[in-house]
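Analysis of the macromolecular model
The residues making up each chain are set out below.
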Number of protein chains: 4
Amino acid sequence: MRYEPTDQPVMTFTTGPVESYHEVMHGLGSRIVYDFDMSFLKTYERVSEKLRPLVKSETMPVILHGEAVLGLESAAVSLIGSDDVVLNLVSGVYAKAYEPWLARNGAEIIEIRVPYDDIIDPAAVAKALRDRPDITVVVICHHDTPCGTINPIEEIGRIVAEHGAFYVVDAASSFGAMQADAESCKADVFLTGPHKVLGCPPALSIVGVSERAWAKMEANLLAPRGSILSILDWRDAWRSDRLFPFSPSVAEINGLDAAIDRHNREGNERVHARHALTAKACREGVKAMGLKLWPLDEKFAAPTVTAVRIPEGVDDARVRQEIRLRYGLLISPGRSETMGKLWRIGHMGIVAQPINMLAAVVALGHTLNAHGYRCDVAAGAAAVMATIDAD
Amino acid sequence: MRYEPTDQPVMTFTTGPVESYHEVMHGLGSRIVYDFDMSFLKTYERVSEKLRPLVKSETMPVILHGEAVLGLESAAVSLIGSDDVVLNLVSGVYAKAYEPWLARNGAEIIEIRVPYDDIIDPAAVAKALRDRPDITVVVICHHDTPCGTINPIEEIGRIVAEHGAFYVVDAASSFGAMQADAESCKADVFLTGPHKVLGCPPALSIVGVSERAWAKMEANLLAPRGSILSILDWRDAWRSDRLFPFSPSVAEINGLDAAIDRHNREGNERVHARHALTAKACREGVKAMGLKLWPLDEKFAAPTVTAVRIPEGVDDARVRQEIRLRYGLLISPGRSETMGKLWRIGHMGIVAQPINMLAAVVALGHTLNAHGYRCDVAAGAAAVMATIDAD
Amino acid sequence: MRYEPTDQPVMTFTTGPVESYHEVMHGLGSRIVYDFDMSFLKTYERVSEKLRPLVKSETMPVILHGEAVLGLESAAVSLIGSDDVVLNLVSGVYAKAYEPWLARNGAEIIEIRVPYDDIIDPAAVAKALRDRPDITVVVICHHDTPCGTINPIEEIGRIVAEHGAFYVVDAASSFGAMQADAESCKADVFLTGPHKVLGCPPALSIVGVSERAWAKMEANLLAPRGSILSILDWRDAWRSDRLFPFSPSVAEINGLDAAIDRHNREGNERVHARHALTAKACREGVKAMGLKLWPLDEKFAAPTVTAVRIPEGVDDARVRQEIRLRYGLLISPGRSETMGKLWRIGHMGIVAQPINMLAAVVALGHTLNAHGYRCDVAAGAAAVMATIDAD
Amino acid sequence: MRYEPTDQPVMTFTTGPVESYHEVMHGLGSRIVYDFDMSFLKTYERVSEKLRPLVKSETMPVILHGEAVLGLESAAVSLIGSDDVVLNLVSGVYAKAYEPWLARNGAEIIEIRVPYDDIIDPAAVAKALRDRPDITVVVICHHDTPCGTINPIEEIGRIVAEHGAFYVVDAASSFGAMQADAESCKADVFLTGPHKVLGCPPALSIVGVSERAWAKMEANLLAPRGSILSILDWRDAWRSDRLFPFSPSVAEINGLDAAIDRHNREGNERVHARHALTAKACREGVKAMGLKLWPLDEKFAAPTVTAVRIPEGVDDARVRQEIRLRYGLLISPGRSETMGKLWRIGHMGIVAQPINMLAAVVALGHTLNAHGYRCDVAAGAAAVMATIDAD
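Residues numbered from 1 in each chain as written. Chains lettered and ligands numbered in written order. Predicted model: local features only at pLDDT ≥ 70, side-chain atom pairs only at ≥ 80, totals over all residues. Heavy atoms only, no water.

**Brief notes about the pattern of salt bridges**
Residues and elements named next belong to chain A. Per the counting criterion, the structure on display carries 129 salt bridges over all chains. Across the pair Arg235 and Glu211 runs a salt bridge whose closest N-O atoms are separated by 3.6 Å. With Arg235 in the loop between helix H8 (211–219) and helix H9 (250–266) and Glu211 in helix H8, the pair connects residues that are 24 residues apart, well separated along the chain. Classification of Glu211 as partly exposed rests on a relative accessible area of 43%. Three or more residues are tied together by salt bridges with common partners; here these are Lys280, Arg283, Glu284, Lys287 and Glu298. (Salt bridge = Lys/Arg side-chain N within 4 Å of Asp/Glu carboxyl O. Helix = DSSP H or I, 4+ residues; strand = E, 2+ residues; numbered from the N terminus. Buried < 20%, exposed > 50% of the residue type's maximum accessible area, 1.4 Å probe, protein only.)

**Some details on the nonpolar core**
Membership of the largest hydrophobic core comes to 186 residues, with the highest contact counts inside it found for Leu87, Val125, Tyr167 and Phe190 of chain A together with Leu87, Tyr167 and Phe190 of chain B. The contacts of Tyr167 of chain B, once residues within four sequence positions are left out, are Val138, Ile140, Ile153, Ile156, Gly157, Val160, Cys185, Lys186, Ala187, Asp188 and Val189 of chain B. One finds Leu72, Tyr167, Leu229 and Ile253 of chain D within the second-largest nonpolar core, a separate group that totals 184 residues. (Core = buried A, V, L, I, M, F, W, Y, C linked by side-chain atoms within 4.5 Å. Contact = heavy atoms within 4.5 Å.)

**With respect to the sheet that holds strand S13 (residues 342–346) of chain A**
All names here are of chain A. Pairing within the open sheet is mixed, and its four strands lie in the order S1-S12-S13-S11. Two strands close off the open sheet at either side, each with one partner strand: strand S1 (11–13) and strand S11 (305–309). For this sheet the average axis-to-axis angle between neighbouring strands, irrespective of direction, equals 30°. Here two bridges tie strand S12 (residues 329–333) to S13, and the two strands are oriented antiparallel to one another. Counted as the bridge partner of Ser332 is Arg344 from S13. Packing against the sheet, helix H10 (residues 268–288) makes contact with S11 and S13, and its axis sits at approximately 15° to S11. (Pairing = 2+ DSSP bridges. Axes fitted to C-alpha atoms, helices over the stretch in contact; angles between N-to-C directions.)

**Here we look at the packing of aromatic side chains**
A complete count under the given rule lists 32 aromatic pairs over all chains for this structure. One aromatic cluster in this structure is built from Tyr34, Phe36, Phe40, Tyr44, Trp234, Phe244 and Phe246 of chain A. The ring of Phe166 of chain A is capped by Arg212 of chain A, whose NZ or CZ atom sits 4.1 Å from the centre of that ring. Stacked on the ring of Tyr21 of chain B, the Lys or Arg Arg262 of chain B has its end atom at 3.6 Å from the ring centre. (Phe/Tyr/Trp six-rings, centres within 6.5 Å; stacked < 30°, edge-to-face > 60°. Lys NZ or Arg CZ within 6 Å of the ring centre and 35° of its normal.)

**With respect to the relation of the copies chain A and chain B**
A rotation about an axis combined with a shift along that same axis relates the two copies of the chain. Superposition record for chain A on chain B: RMSD 0.0 Å, screw rotation 180°, translation along axis 0.0 Å. Both copies are brought into coincidence by an operation consistent with a two-fold rotation axis. Among all C-alpha atoms of chain A, that of Gly29 of chain A lies closest to the rotation axis, at 2.3 Å. Both copies share a contact surface, since 100% of the interface residues of chain A are interface residues in chain B too. (Least-squares fit on C-alpha atoms with pLDDT ≥ 70 in both.)

**Thoughts on the relation of the copies chain B and chain D**
Aligned on chain D, chain B shows an RMSD of 0.0 Å; the corresponding rotation is 180° and the shift along the axis is 0.0 Å. Take the interface residues of chain B: 100% of them recur as interface residues in chain D, which is what a same-surface contact looks like.

**Section: the interface of chain B and chain D**
Counting residues at the interface gives five residues for chain B, matched by five residues for chain D. When the two sides are added together, the surface that chain B and chain D hide from each other amounts to roughly 430 Å², 65% of it contributed by carbon and sulfur. Counting the surface chain B buries against chain D, the share from its top three residues, His22, His26 and Arg31 of chain B, is 88%. Run the count over chain B and chain D and you get three residue pairs in polar contact (both at pLDDT 80 or more). (Buried area = accessible area lost by both parts, 1.4 Å probe. Polar contact = N/O pair within 3.5 Å; in protein donor to acceptor, adjacent residues only side chain to side chain.)

**Let's talk about the sheet that holds strand S2 (residues 62–64) of chain C**
Residues and elements named next belong to chain C. Strand order across the open sheet formed by seven strands is S2-S10-S9-S8-S5-S3-S4, with mixed pairing between neighbours. Here the strands that pair on one side only, and so sit at the sheet edges, are S2 and strand S4 (108–113). Going from strand to strand, the sheet's axes swing by 20° on average, the running direction of each strand aside. Taken together, the six bridges between strand S3 (residues 85–90) and S4 define a ladder with parallel strand orientation. Across the sheet, residue Val85 finds its bridge partner in S4, namely Glu108. Contacting S2, strand S5 (137–141), strand S8 (166–170), strand S9 (189–192) and strand S10 (205–209), helix H3 (residues 68–79) crosses the sheet at an angle of about 160° to S9.

**Some points on the environment of Pro224 of chain C**
Residues and elements named next belong to chain C. Relative to the assigned elements, Pro224 resides in the loop between helix H8 (211–219) and helix H9 (250–266). Judged by relative accessible area, Pro224 falls into the buried class, the value being 14%. Separated by 145 residues in sequence, Pro224 and Leu79 have C-alpha atoms that sit 9.8 Å apart. If sequence neighbours within four positions are ignored, Pro224 has contacts with Val77, Ser78, Leu229 and Ser230.

**Overview of helix H13 (residues 377–389) of chain A**
Between the first and last C-alpha of H13 of chain A there are 18 Å, a value that for 13 residues agrees with the 18 Å anticipated at 1.5 Å per step. Taken as a whole, H13 of chain A has its buried residues at Val377, Gly380, Ala381, Ala383, Val384, Met385, Thr387 and Ile388 of chain A. Those residues of H13 of chain A hidden inside the fold are in contact with H10 and helix H12 (356–370) of chain A together with helix H11 (316–327) and helix H12 (356–370) of chain D. (Expected span 1.5 Å × (residues − 1).)

**Examining the confidence of the model for chain A**
The pLDDT averaged across chain A works out to 97; a share of 100% of its residues lies at or above 70. The ipTM for the predicted assembly is 0.98, set against a pTM of 0.97. (pLDDT = per-residue confidence, 0-100.)

**Examining the pairing of strand S13 (residues 342–346) of chain D**
Residues and elements named next belong to chain D. Burial within S13 is extensive, with five of its five residues counted as buried. Side chains Leu342, Arg344 and Gly346 of S13 all project onto a buried face; the interleaved residues Trp343 and Ile345 project onto the opposite face, where all are buried too. Bridge count between strand S11 (residues 305–309) and S13: five bridges; the pairing is antiparallel. Residue pairing in the sheet places Thr306 in a bridge with Ile345 of S13.

**With respect to the packing of helix H2 (residues 38–55) of chain A against H9 of chain A**
All names here are of chain A. Where H2 contacts H9, the two axes come as close as 10 Å, and the packing angle between them is 40°. One element, H2, and the other, H9, form an angle in the oblique class. Here the hand of the crossing between H2 and H9 comes out left-handed. Note on element contacts: H9 touches H2 through Val250, Ile253, Asn254, Leu256, Asp257, Ile260, Asp261, His263 and Asn264, opposite Phe40, Thr43, Tyr44, Arg46, Val47, Lys50, Leu51 and Leu54. Grouping the amino acids of the contact of H2 with H9 by side-chain chemistry returns nine nonpolar, four polar and four charged. (Parallel < 35°, antiparallel > 145°, perpendicular 65-115°, else oblique. Left-handed = near helix turned anticlockwise from the far one by under 90°. Nonpolar A, V, L, I, M, F, W, Y, C, P; charged D, E, K, R; others polar.)

**As for the interface of chain A and chain B**
In this complex, chain A contributes 56 residues to the contact, which on the side of chain B involves 56 residues. Between chain A and chain B the total buried area reaches about 4100 Å² when both faces are included, carbon and sulfur atoms providing 58% of it. Contact with chain B buries area across many residues of chain A, yet Arg31, Ile32 and Tyr34 of chain A alone supply 18% of it, more than any other trio. Between chain A and chain B we count four salt bridges in total. For Arg324 of chain A, the salt bridge identified is with Asp37 of chain B, shortest N-O distance 2.6 Å. Applying the counting rule to chain A against chain B returns 22 residue pairs in polar contact (both at pLDDT 80 or more). Of all the elements in the fold, those that place two or more residues in the side of chain A that touches chain B are S1, helix H1 (22–28), H2, helix H3 (68–79), H9 and S12 of chain A. When the residues that make up the side of chain A that touches chain B are grouped by side-chain class, the tally is 28 nonpolar, 16 polar and 12 charged.

**A closer look at helix H10 (residues 268–288) of chain D**
All names here are of chain D. Over its 21 residues, H10 runs 30 Å from end to end, which matches the ideal 30 Å to within 8%, given 1.5 Å per residue. Looking only at H10, the buried set comprises Val271, His272, Arg274, His275, Leu277, Thr278, Ala279, Ala281, Cys282, Arg283, Gly285 and Val286. Where H10 is buried, its residues meet helix H9 (250–266), S11, S13, H12 and helix H13 (377–389). Directly after H10, the chain includes Gly290, whose backbone phi takes a positive value near 95°.

**Points about the pairing of strand S5 (residues 137–141) of chain D**
Residue and element names in this part refer to chain D. Most of S5 is tucked away: five of the five residues are buried. Along S5, one buried face is formed by Val137, Val139 and Cys141 and the opposite face, lined by Val138 and Ile140, is buried too. Where strand S3 (residues 85–90) and S5 come together, four bridges link them in parallel fashion. Within S5, the position partnered with Asn88 by the bridge is Val139. Alignment of S5 against strand S8 (residues 166–170), held across five bridges, turns out to be parallel.

In structure tokens:
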């Protein structure tokens with residue numbers, strides 16, 4: 001094998017952490033300013049204001065100082081009280097993993113669960129809400145990363161809005177690569193992070209909250225206060241005339257500042273198009289080799305992750321290890337229930353360039369051939385190129 | 001005034017966040033590697049192992065992915081159960097602020113409290129432990145930063161050890177600048193962070209835990225699991241053959257890696273001496289101008305922060321603002337109970353160079369003169385220089 | 001002594017290389033792009049265009065890929081032929097050092113020379129031009145850094161223009177800190193570099209050339225071609241539709257790009273004011289201590305360098321060494337004829353902040369006291385502060 | 001087309017400037033220290049000493065502060081006097097381009113010239129030296145980058161050594177990727193630069209000089225002194241007790257320092273193997289598609305550049321432009337006589353990873369197919385992968 005396990009990879013096709021853009025690395029490596037100095041208070045305010053047109057939340061997006069799981073845990077335990085009835089829409093590993101947070105304060109949890117290669121049917125949500133008019137909160141994961149599938153958050157959002165329940169949407173790994181914002185899906189709590197498409201390292205959560213969701217949190221006696229889990233403590237922290245509850249992650253804020261600027265310089269639509277084409281090139285390549293996409297319907301496939309079914313009889317770990325040690329390429333395995341069932345080729349942020357899919361597709365197909373599973377690598381490479389050409 | 005509030009400061013004499021060393025900024029701006037890649041798993045393990053001889057904890061130090069308050073909250077709610085009796089040793093603002101975390105699980109809290117310009121008397125601790133042999137946990141803050149005072153954690157540690165209680169020590173802003181480690185003070189939980197003397201930005205906690213403290217946490221049914229607050233989830237995360245509970249802050253780990261290397265290159269003892277001399281130069285300068293140190297006894301003064309009493313009748317905020325906007329220098333105010341009573345000249349990390357105290361001392365004295373309080377600035381400057389010369 | 005000779009200095013009060021601004025360091029550390037790629041060709045063109053309003057030359061400023069001496073040597077040997085009569089205006093070390101370059105092609109060199117603490121008298125230039133109407137080229141150094149003196153390039157420029165000679169002005173270490181551009185002084189060749197006030201490291205020359213100077217160079221058979229010394233080869237290199245004669249210094253161009261942006265963000269006038277006040281604070285401090293400025297008249301003093309006469313009987317090298325090793329401060333010695341006669345406190349770029357002069361002035365005065373020369377350090381410190389306050 | 005001409009490329013397969021390693025970018029972005037400060041003087045000395053075991057020159061390698069052409073021009077005009085007879089061994093564009101520098105001082109130039117897809121025959125050199133025993137200097141280019149061919153510098157070196165002539169070897173773009181040093185080829189002047197395999201940006205030359213070559217230069221009245229072209233001025237500049245003739249490029253030295261450390265950490269042999277395998281993967285891929293390598297014999301092919309013959313009737317510029325704008329990949333054209341005849345896939349430094357050749361090979365073949373020239377892209381991709389697997 002060419003590479004030692006301790007050699008850094010040549011290319012990183014993972015679902016995150018992903019490699020950072022150069023601009024973000026410079027942001028991270030910027031001078032550290034005292035958090036209560038007016039110059040930093042203004043920086044923090046400016047970064048929040050720059051997030052707003054991307055998050056499109058009713059109120060100023062809140063930045064929490066821990067990676068996206070903090071946003072999820074914090075929002076769940078702050079919003080949901082003991083009297084709530086929560087409908088959790090489970091089409092994958094992450095959505096299922098929310099349950100303990102949703103239930104921590106004693107709420108009743110109802111679940112719609114579909115196989116993890118499928119997505120949530122809006123009609124099923126409508127039915128559930130009719131069946132249980134006492135449902136107060138609906139929770140969904142936009143892109144359940146361990147499955148590479150995208151749920152129809154906008155259609156479901158309209159149904160939830162009609163019913164009147166609070167709508168919690170986690171869009172960590174779709175945000176920035178496709179339309180995904182609080183306004184378009186009518187989310188009361190819109191959760192994301194800068195560590196996927198924006199190209200930052202993991203360390204921050206971004207939460208867009210509606211006015212009524214703030215009111216619910218403030219009325220919730222079980223909502224954490226004086227804790228790292230308290231989103232309420234941070235509600236107004238974006239204002240340069242307010243103090244931070246504790247020291248924010250200055251370097252990560254500088255990195256986020258640079259990441260948003262970079263994103264905006266490229267332009268939201270160009271970034272979307274770049275991710276869409278890269279994903280399509282990957283899928284076409286994978287399919288042309290004779291492999292199967294994990295999502296039941298290709299329309300469910302994410303612009304940031306291509307999940308590929310592991311063929312019968314192939315050793316998941318060995319294939320990934322050989323791709324890593326022979327070619328220097330990193331792809332992600334599945335996670336929990338999808339572990340051993342799929343591989344995930346991540347293509348978000350700096351690696352989301354169509355031509356990069358050539359190495360990912362060919363290395364995968366070629367390695368499978370070596371393991372006795374027949375892939376038409378030539379067809380895969382041709383499909384990648386043809387997809388790019390057709391753009 | 002020369003500077004706009006949005007201009008970055010010329011020099012940062014704050015108590016944290018402080019400016020980062022250049023090496024740390026480069027570390028922060030390094031390539032981001034997928035956290036589950038073997039190369040990063042090994043980096044994480046190596047960083048943990050490099051921390052160990054500094055933290056000197058019985059077991060491998062745990063890195064938590066939020067600034068030092070996460071370490072404090074997490075350790076408190078993990079270690080302390082509902083049956084515990086906790087002796088909180090309060091000589092300052094931070095120690096008092098721990099109380100809600102110490103009490104969250106329902107433990108009884110006993111307090112020894114001294115004025116915030118004084119420090120904890122070991123004899124009082126001995127007496128308290130005799131009076132209440134049922135005390136199970138003793139908590140102390142080594143350097144209560146809002147007061148600039150250093151508690152005798154080693155002497156108290158011997159007393160606590162004899163009694164058998166668990167000993168929790170927060171040494172966030174002394175660690176690295178003087179002897180402060182789990183071994184020398186016999187701490188069961190030794191809390192610190194890389195964002196003070198080591199020169200990293202705020203974003204990580206470091207926690208050294210004894211074997212018996214781990215056992216107590218594991219037996220504690222109220223200890224968080226599956227939460228950002230769970231230190232137990234991260235206990236073995238340093239091992240390259242284990243998975244992370246959630247994505248660690250890759251950039252901050254890279255920054256910490258660089259920070260430890262830099263610290264070790266300079267050498268623990270040289271770093272201590274540099275901070276000690278800088279602090280002494282600052283104190284001598286302040287005293288020579290006719291100002292009073294905040295600590296009752298200069299022996300209590302920290303190597304990283306010089307707390308100065310605000311003279312009667314002087315406008316705290318205006319003095320700091322003029323120093324900031326006229327000279328570009330940042331000093332810290334007090335905090336909570338010490339707000340308005342003292343100023344803090346921070347001298348830790350990259351700014352801990354004796355000559356820097358000239359600007360801090362002269363700017364402070366000179367500004368006070370302009371506010372009608374007589375300072376002998378010339379004597380202050382001379383004292384700074386004489387202190388350096390005497391080294 | 002506190003510091004080892006191999007420890008980096010705490011503050012750098014030198015006349016260059018000076019410390020870089022953070023933004024420039026990020027520029028230098030940016031991704032390297034192939035020089036002939038259109039994206040870099042456009043970067044190069046854009047940087048040239050951004051230089052133009054600062055240099056104000058008739059034609060697009062040329063960037064040469066070696067520090068400022070390359071610009072000087074290259075311009076001299078390209079412009080001056082064997083038939084030229086060159087008037088070299090020598091008020092300092094650097095101007096005298098040009099002579100071999102001015103004379104290399106066989107031209108006759110005439111010199112006006114004044115003591116190195118004085119500056120060139122425009123009347124003397126007028127007289128010389130009347131006496132020798134065959135003078136074809138006049139050469140002057142705006143800020144002769146080894147002397148810290150500023151020549152009246154604009155007044156002399158008007159005289160030279162009337163006479164019709166070519167006017168060559170070196171403004172390397174004044175450019176950016178005060179009005180100094182090709183237009184205001186009517187220079188035919190205006191030489192500077194980004195490694196002083198702009199805060200770049202040494203590696204580039206910037207040359208603004210008039211149309212008629214280009215014509216003269218092109219007609220000069222002795223002008224280098226196909227050589228690193230050839231400015232003619234680089235004349236049109238700024239155009240994105242032209243090729244580079246050899247690989248430009250990509251990283252330094254990126255650094256320059258960032259440096260100009262930073263300069264423009266702060267604003268030309270604010271940068272000038274900052275340097276002027278810093279210089280004034282330094283001079284007032286030095287004088288108040290009883291030391292003498294080197295320039296005969298303080299009006300000659302540069303905004304970027306304060307030259308101080310070394311008092312009789314003081315050991316130049318030992319004083320500088322003690323300032324360096326005891327306090328970590330770097331000041332520059334004299335150079336050639338001024339070596340041993342003066343010290344130079346550099347205050348350009350990132351260190352040009354008035355409060356920084358406190359350390360420079362006090363450390364100098366205090367060290368002199370230790371060497372038996374009486375300085376009123378208290379008065380020096382007070383004068384620095386009073387100067388800042390008066391702003 | 002996907003990309004704008006001003007978008008940065010996705011991957012850079014050029015022959016230099018190439019992309020820098022991350023470590024080098026951090027080196028470039030390091031703090032700038034005054035060049036005459038002892039800490040920088042020691043850095044400079046240390047960098048020189050670290051270069052020595054790589055360059056293996058008799059005396060300490062000299063760093064000149066301009067990209068490799070400065071080393072070439074400077075060495076030529078310093079070494080060669082008017083009485084010399086120079087044998088220039090021309091197998092490519094670069095060697096031919098040396099001629100004006102070799103001839104500048106009036107020496108007689110003799111040339112052995114072979115077609116630019118061939119290399120120099122040692123026997124022809126032996127014959128030339130027999131025919132003209134008065135030849136005093138022999139000049140060769142190890143890797144004539146515009147042709148991608150490697151000359152047998154060691155065998156020729158033995159012949160030249162026997163004859164006694166001075167031997168000048170330019171190894172800019174082979175150094176570091178294969179055995180290429182002053183000792184193994186018995187060079188009197190060994191020229192290279194850090195901007196190819198070491199991964200620095202262009203800005204420095206490295207010159208290893210034998211004792212007798214220094215003696216010849218010092219005796220040469222035409223050797224430049226007091227000029228950027230003077231290598232003699234810089235001979236002892238590496239010594240920390242000597243002054244620099246002018247300001248060295250501090251940032252580039254910091255970058256070089258980091259580059260050597262990185263190279264040594266990976267290990268000379270591992271770097272060689274990585275470049276060799278990458279080159280082989282590229283060649284096998286190119287050949288398998290039915291394209292022809294430019295070198296007459298594949299044994300001549302460089303480890304850093306694969307030169308490919310442009311098939312008849314194909315539009316050189318359009319093919320490269322489409323590869324650039326459709327796929328984001330940069331490959332180099334020919335240069336001068338080879339322009340329009342070949343393409344060059346550069347694989348040096350950070351991009352020299354075998355898997356990267358997949359994109360280069362497939363994009364080239366695929367684009368040629370679109371231009372009507374039949375390439376077997378599938379065979380090309382398979383050959384790249386098979387070559388890596390066989391390693």
